[in-house]
Amino acid sequence: MTAGTGGGVGRLVTAGTGGGVGRLVTGTGVRAGRPVTGTRGDVAWAVRRGLPALLFLALAACSTGPSLENRAQVTAPPGDSHHLTIGSAGFTESDLLAQMYAQLLNQAGYKTSILTVANRELYEPALESGQIDVVPEYAATFADWLNAKTHGADAKPVGSPDLEATMRALRALATPRGLTVLPPGRAVDQNAFAVTAAYAREHHLKTLGDLGAAKLKVRLAAGDECVQRPYCEPGLKRVYGIDITGIDPKGVGTTQAKRAVQNGQDQMVLTTTTDATLDQFGLVLLADDRHLQNADYIVPVVNRSRAGSERVTTALGKLNDKLTTADLATMNEQVDSWRRLASDVTRAYLKDKGLLK
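Nothing here was measured: the structure is a model prediction, and the numbers come from that model.

*Asks:* How should the overall build of the protein be read in this particular structure?
*Replies:* The helix and strand tally for the protein stands at 13 helices and 15 strands. For the protein, the proportion of its 357 residues judged to be buried stands at 54%. Considering only intrachain contacts with a sequence separation of at least 6, the fraction spanning at least 24 residues in the protein is 74%. For the protein, the accessible surface area stands at approximately 15500 Å², while carbon and sulfur atoms represent 52% of it.

*Asks:* Quick question: what am I supposed to make of unusual backbone geometry here?
*Replies:* Backbone phi values are negative for most residues with the exception of glycine, while trans is the configuration of most peptide bonds. For His204, which is not a glycine, the phi torsion comes out positive at approximately 55°. Unusually for a residue other than glycine, His291 sits at a positive phi of about 55°. Looking at the element boundaries, His291 is found in the loop between strand 14 (283-286) and strand 15 (298-303). The exposure class of His291 is exposed, given its relative accessible area of 56%.

*Asks:* Could you clarify how one ought to interpret the pairing of strand 15 in this entry?
*Replies:* Side chains on a regular strand alternate between the two faces of the sheet. Taken across its six residues, strand 15 has six buried, putting it largely inside the fold. Side-chain alternation along strand 15 places Ile298, Pro300 and Val302 on one buried face and Val299, Val301 and Asn303 on a second face that is also buried. Note that strand 8 (residues 134-138) and strand 15 share five bridges and pair antiparallel. In the sheet register, Val134 faces strand 15, and the bridge partner there is Val302. In terms of strand pairing, strand 9 (residues 179-181) meets strand 15 through three bridges, oriented antiparallel. Bridge pairing in strand 15 links Thr180 to Val302.

*Asks:* For this particular structure, what's the right way to read the side chain of Arg177?
*Replies:* Inspection of the secondary structure puts Arg177 in the loop between helix 5 (163-174) and strand 9. In this structure Arg177 comes out as buried when scored by relative accessible area, which is 15%. Among the polar contacts listed, one links the side chain of Arg177 to the side chain of Thr150, at a separation of 3.2 Å.

*Asks:* Is there a simple way to think about empty space enclosed by the protein in this case?
*Replies:* The method is simple in principle: a probe with the dimensions of a water molecule rolls over the atoms, and the space it marks as empty is what remains. Across all of its chains, the model carries two cavities of 30 Å³ or more by this definition. Its boundaries defined by the atoms lining it, the second largest cavity holds a volume of some 80 Å³. The wall of the second largest cavity is formed by Tyr101, Gly185, Arg186, Ala187, Ile298, Pro300, Leu316, Leu319, Asn320 and Leu323. Its residues assigned to classes, the lining of the second largest cavity shows seven nonpolar, two polar and one charged.

*Asks:* Mind showing me how you'd approach helix 11 (residues 310-317) here?
*Replies:* Helical periodicity: at 3.6 residues per turn, an α-helix aligns residues three or four positions apart in one direction. When helix 11 is considered as a whole, its buried residues turn out to be Val312, Ala315 and Leu316. Projected down its long axis, helix 11 shows its buried positions confined to an angular sector of 90°, all on one face. Buried residues belonging to helix 11 abut strand 6 (83-88), helix 2 (92-107), strand 8, strand 15 and helix 10 (304-307).

Cut-off values and rules
Residues numbered from 1 in each chain as written. Predicted model: local features only at pLDDT ≥ 70, side-chain atom pairs only at ≥ 80, totals over all residues. Heavy atoms only, no water. Helix = DSSP H or I, 4+ residues; strand = E, 2+ residues; numbered from the N terminus. Buried < 20%, exposed > 50% of the residue type's maximum accessible area, 1.4 Å probe, protein only. Contact = heavy atoms within 4.5 Å. Areas by Shrake-Rupley, 256 points an atom, 1.4 Å probe, with all protein chains shown as cover. Pairing = 2+ DSSP bridges. Polar contact = N/O pair within 3.5 Å; in protein donor to acceptor, adjacent residues only side chain to side chain. 1 Å grid on protein atoms, 1.4 Å probe; cavity = no way out; pocket = protein on both sides within 12 Å on 5 of 7 lines; lining within 4 Å. Points joined across faces, edges and corners; volume = space filled by probe spheres on them. Nonpolar A, V, L, I, M, F, W, Y, C, P; charged D, E, K, R; others polar. Arc of directions from axis to C-beta.

Read these as spatial facts, not as claims about activity.
Structure (structure tokens):
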């Protein structure tokens, strides 16, 4: 069984603690259509508090949609199950979002558990079948993933920098699968490009448009797939006129990539908008002023027949007006750099914002 989008074969191992908790380790850190950064490269499948055999068999089968028995869920009325399972994709940011969802739903009167699943190929079918009830997703990325699943790998992408158009396309693809996409909030996790603060000052750069206009030669630290991905080298050249002289394949947002820019070996690094470590390397983001990147706003996706109620929508919607991209970056830093527990970080954040008592 191939896990993730990098072709790595999944393998089942047994963790040494937690009562025989299983985990499926995959060989890649790619978020369906775009690389992931930082701790996302080491995703693992772990069931907290044990794994029901039925769920294990369903996930391990790597099914591509609801079974014949479950297809009725697609047209079932919105459900309101008392116990909800929240899915996490196993990297820091997804863990944080899952914890916030669980804590808000607990306060609304639900019992919750969190299930960490390494990749979308596993957790999306489980979401359709109701073995997972709620998952934090990224609007444009998930829209393109569902589009490819529905219409084939060569289907024209439907995700775009236009959030409204992206959400329309996403909902049209999700609804027939028994999924409801809740409203997006303010937080967005997009690909982003950073240079040293000194380089930005020297050349008067605040945006990628400024960099293109400066006619500077730029060596870019990124994943090797950047050469062909439209949001990366081709897009930087086409949309901004940036003279990319080469790709230094050190990965997306990795320490090695950032150090290469910090020491002048490279001039720019591909990372994400929620990267909280840039200051440590003297780096600053250049604004995507011509909207090259897709609208990867964070959206909760729920199984309609189990978590499609107005009560769930209201509970999770409280986060929309509060959570910002900067907030996510700060929480990522607290977990990755300060080694705090995601549950503690999110509880403190929600209390500070008046969302938890």
